[in-house]
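# Tertiary structure, described
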Amino acid sequence: MNLYFRLLLLTLRTRTARRRTGRGTSLWDEARTPFRVALTDLDPLRHVNNGKYLSLLDLGRYDLLTRSGFWQAATDRGWYAVVAAQTITYKRSLTLGQRFVLRTRVLAMDERSVYMEQTFVRRDAVIARAVVQARFLHRDGGHVTPAELLALTGAPPRDLTVPDWVRVWADAVRISSTAR
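Note that this is a predicted model, so its numbers are computed, not measured.

## Thoughts on the pattern of salt bridges
Applying the stated criterion across every chain yields a total of nine salt bridges. Here Asp58 ties to Arg61 by a salt bridge, and the two come within 2.3 Å at their closest N and O atoms. Here the residue Asp58 and the residue Arg61 both occupy positions in helix H2 (residues 50-67), the gap between them amounting to three residues, near one helical turn. For Asp58, a relative accessible area of 40% translates into the label partly exposed. When the shortest N-O distance is used, the salt bridge between Asp110 and Arg167 registers 3.9 Å. Taken together, the residues Asp110 in the loop between strand S3 (99-109) and strand S4 (114-122) and Arg167 in helix H5 (residues 164-173) connect sequence positions 57 residues apart. Of the residues examined, Asp110 reaches a relative accessible area of 8% and is grouped as buried. Each of Arg6, Asp41 and Lys52 takes part in salt bridges that share partners, so that together they form one network.

Reading the values: the criteria
Residues numbered from 1 in each chain as written. Predicted model: local features only at pLDDT ≥ 70, side-chain atom pairs only at ≥ 80, totals over all residues. Heavy atoms only, no water. Salt bridge = Lys/Arg side-chain N within 4 Å of Asp/Glu carboxyl O. Helix = DSSP H or I, 4+ residues; strand = E, 2+ residues; numbered from the N terminus. Buried < 20%, exposed > 50% of the residue type's maximum accessible area, 1.4 Å probe, protein only.

Shown next as structure tokens:
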């Protein structure tokens, strides 16, 4: 329930900001989504549960995609996103009441996937960092090609070549189509 409440607040904040400024951000910008640790985020050790971080990653991606207008444009075309793989590393704990920001940006893109880097930050200290491999799919089947994505978003302002370590990771965690 907490996630739905946060999703509602995030949606309202995004819409209000777009009305106030008259524009969104670019898909190629970094979204900074503020949060505060709630009681329902905690595990028995009284710090944010590792599974909660993954749920918050969803909200950070949603924030970037809605603020950039990509969410609506993709929906209009019958596209939707799925997470294919993700990895996260934790450095510090977050505890009840602490404020933090989730920074989300597109890291890279290849012929199959878009890779996003998401970093939890509190007072300029990195708490955790994740890399998420996402795919955009057509509702009627098949995946959205890089050419289709770029036709919608325009050219990125920086090189989106997949870093070697990300490619190695993605290859290592890929489940083959013949796996049972």
